[in-house]
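One letter stands for each residue in the lines below.
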Amino acid sequence: MEKLRFSVVMLWCVVRWVDGFELNYGNVSEVAYMESSFGLLESSGEGGAAAQVAPLMVGITLIRGADAKGAVCLDGTLPAYHLHRGFGSGANSWVIQLEGGGWCNDHRNCVYRKTTHRGSSNYMEKQIPFTGILSNKAEDNPDFFNWNRVKIRYCDGASFAGEGQDKASNMYFRGQRIWSAAMEELMAIGMRKANQALLSGCSAGGLASILHCDEFRGLFPKSTKVKCLADAGLFLDAVDVSGGHTLRRFFQGVVTYQGLAKNLPASCVNHMDPTLCFFPQNLIAHIQTPLFILNAAYDSWQVQASLAPPVADPHNLWRDCKLNHARCSPSQIGFLQRFRNQMINAVEGFETSQPNGLFLNSCFAHCQSERQDTWFADDSPTLRKKPVAIAVGDWYFNRSGIKLIDCAYPCDNSCHNLVFM
């Protein structure tokens, strides 16, 4: 285990670019942090012994003909997905997982991104592991193991919502068209017969699942049970440690550069600036389809990229705290507690709606539905003795109402907190 921890930390140290954000502590011009790397890092002391069983590997499928509809990745290549067919009682049930991986907000970031698997299918893995909510094992994924499970790859850099083009740089912002092409393809190969469907997503994909939730519901007849799950997608318009709004400024670039305004919910943009309508806190009250929000109250990505990025912390006063919560000072913990309070306030109206579900645990984590150790394992995070997988399943199948908000840090010993040093 120590060798694994060492190798993973070394990987963290040498990676300079991840998911469209430059990992450069000297660059304070924009958000400069990562997203999917969290899935690679081992959880810290409170829990986190990950299972060592080899996961199911699922091959990639390109969406042929999508380019004729303008549905292409940043570099013009075809979008893609991974599908593992359901069986038995789950043969006509579908889980759609929208991949996360940050955003690109300007020419420089998008030009780099199109040379990675977050902007081009040329660089995507030919096979990826299906774990957590995508696992095909009943012991790892008790309610959805035998459903048709799909991961739609993320290669537009705007949560599947952009519409535009940078002709001079030969870049395409076609996230909305990719969403539509993927849905059309999946409906054609069997999803139109679904009797149950769940749209899910992690991080930028979690935000996308909120943006597209009602669209997804509209694909099916009323007889089909349709719900949505947003994991680590509750990005807040929070004040950073310098008193500024780093993430709001970054999102403004995404919305403007990639032409999102026309694809954001009219219920929001009709009375609010489009940038603010990219923040889920301003969207969730208008979602008509049952929605489950799964989020860590001290979301690791938001702590690093929104609350205390280098642009807001030029003297690195927050560096140790960001990398290991145990090294936070009392005043820093106080700042993080206020962020948690803001998150609780953001879901205040949402949680009173009977069809909705909520699992807000007081962990330093990010994306808990895709990782096996946080989704369903012997020592998974729990609230009221329910692991994430059981809470989501109870909500989806109406076995019980799930509105769970954890007590404040450091009360929860079941967390798989992420530590980077």
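Rules used throughout
Residues numbered from 1 in each chain as written. Predicted model: local features only at pLDDT ≥ 70, side-chain atom pairs only at ≥ 80, totals over all residues. Heavy atoms only, no water. Helix = DSSP H or I, 4+ residues; strand = E, 2+ residues; numbered from the N terminus. Buried < 20%, exposed > 50% of the residue type's maximum accessible area, 1.4 Å probe, protein only. Contact = heavy atoms within 4.5 Å. Areas by Shrake-Rupley, 256 points an atom, 1.4 Å probe, with all protein chains shown as cover. Disulfide = S-S within 2.5 Å. pLDDT = per-residue confidence, 0-100. Pairing = 2+ DSSP bridges. Axes fitted to C-alpha atoms, helices over the stretch in contact; angles between N-to-C directions. Salt bridge = Lys/Arg side-chain N within 4 Å of Asp/Glu carboxyl O.

## Digging into the overall build of the protein chain
Inference 1: The helix and strand inventory of the protein chain stands at twelve helices and 16 strands.
Inference 2: Going through the 421 residues of the protein chain one by one, you find that 60% of them count as buried.
Inference 3: For the protein chain, contacts bridging at least 24 residues in sequence account for 75% of all contacts bridging at least 6.
Inference 4: Split by element, the accessible area of the protein chain, about 15,700 Å² in all, is 54% carbon and sulfur.

## Here we look at the state of the cysteines
Inference 1: According to the stated counting rule, one finds eight disulfides in the structure shown.
Inference 2: In this model C213 forms its disulfide with C228; the gap between the sulfur atoms is 2.2 Å. A torsion of 100° about the S-S bond marks the disulfide between C213 and C228 as right-handed. Separated by 15 residues along the polypeptide, C213 in helix α5 (residues 213-218) and C228 in strand β11 (residues 225-231) bring together distant segments of the chain.
Inference 3: On the basis of relative accessible area, C213 is assigned to the buried category, the value being 0%.

## Let's talk about the confidence of the model for the protein chain
Inference 1: When pLDDT is averaged along the protein chain, the result is 90; 88% of the residues meet or exceed 70.
Inference 2: Across residues 1-51, where pLDDT falls below 50, the model places 121 contacts with residues more than four positions away in sequence or in other chains.

## Here's the deal with the sheet that holds strand β10 (residues 196-202)
Inference 1: Sheet architecture is open: ten strands sit in the order β6-β3-β4-β7-β5-β10-β11-β12-β13-β16, paired in mixed fashion. Unpaired on one side and paired on the other, β6 (127-130) and β16 (403-405) mark the two borders of the sheet. Neighbour to neighbour, the strand axes of the sheet diverge by 20° on average, direction disregarded.
Inference 2: Note: β10 against β11, seven bridges, orientation parallel. Its bridge partner lying in β11, L199 is registered against C228.

## Section: the pairing of strand β4 (residues 80-84)
Inference 1: Counting buried residues in β4 gives four out of five residues, a clear majority hidden from the surface.
Inference 2: The sheet contact formed by strand β3 (residues 56-62) and β4 spans three bridges and is antiparallel. Directly across from T61, in β4, lies its bridge partner Y81.

## A word on the pattern of salt bridges
Inference 1: Evaluated as defined, the whole model comprises twelve salt bridges.
Inference 2: Between K151 and E370 there is a salt bridge, with the nearest N and O atoms lying 3.3 Å from each other. Linking K151 in strand β7 (residues 148-152) with E370 in the loop between β13 (357-361) and α11 (372-375), this pair joins segments that are 219 residues apart in sequence.
Inference 3: Accessibility expressed as a relative area gives 10% for K151, which makes it buried.
Inference 4: In this structure E370 comes out as buried when scored by relative accessible area, which is 19%.
Inference 5: Ionic pairing is found between R248 and D237, a salt bridge with its closest N-O pair at 2.9 Å. A residue pair is termed long-range when its members are at least 10 positions apart, and R248 in helix α6 (residues 246-257) and D237 in the loop between β11 and α6 qualify at eleven residues.
Inference 6: Judged by its relative accessible area of 34%, R248 is partly exposed.
Inference 7: For D237, a relative accessible area of 13% corresponds to the buried category.
Inference 8: Residues participating in the shared-partner salt-bridge network are E99, R118, E125 and R153.

## Digging into unusual backbone geometry
Inference 1: Omega for the peptide link from Y409 to P410 comes to 15°, which places this bond in the cis form.
Inference 2: Note that P410 resides in the segment after β16.
Inference 3: Here the phi dihedral of S159 falls at roughly 55°; this positive angle occurs in a residue that is not glycine.
Inference 4: The residue S159 is located in the loop between β7 and β8 (164-166) in this model.
Inference 5: Judged by relative accessible area, which is 0%, S159 ranks as buried.
Inference 6: Phi at N316 is positive, roughly 60°, even though this residue is not glycine.
Inference 7: As for its placement among the helices and strands, N316 is situated in the loop between α8 (300-307) and α9 (319-323).

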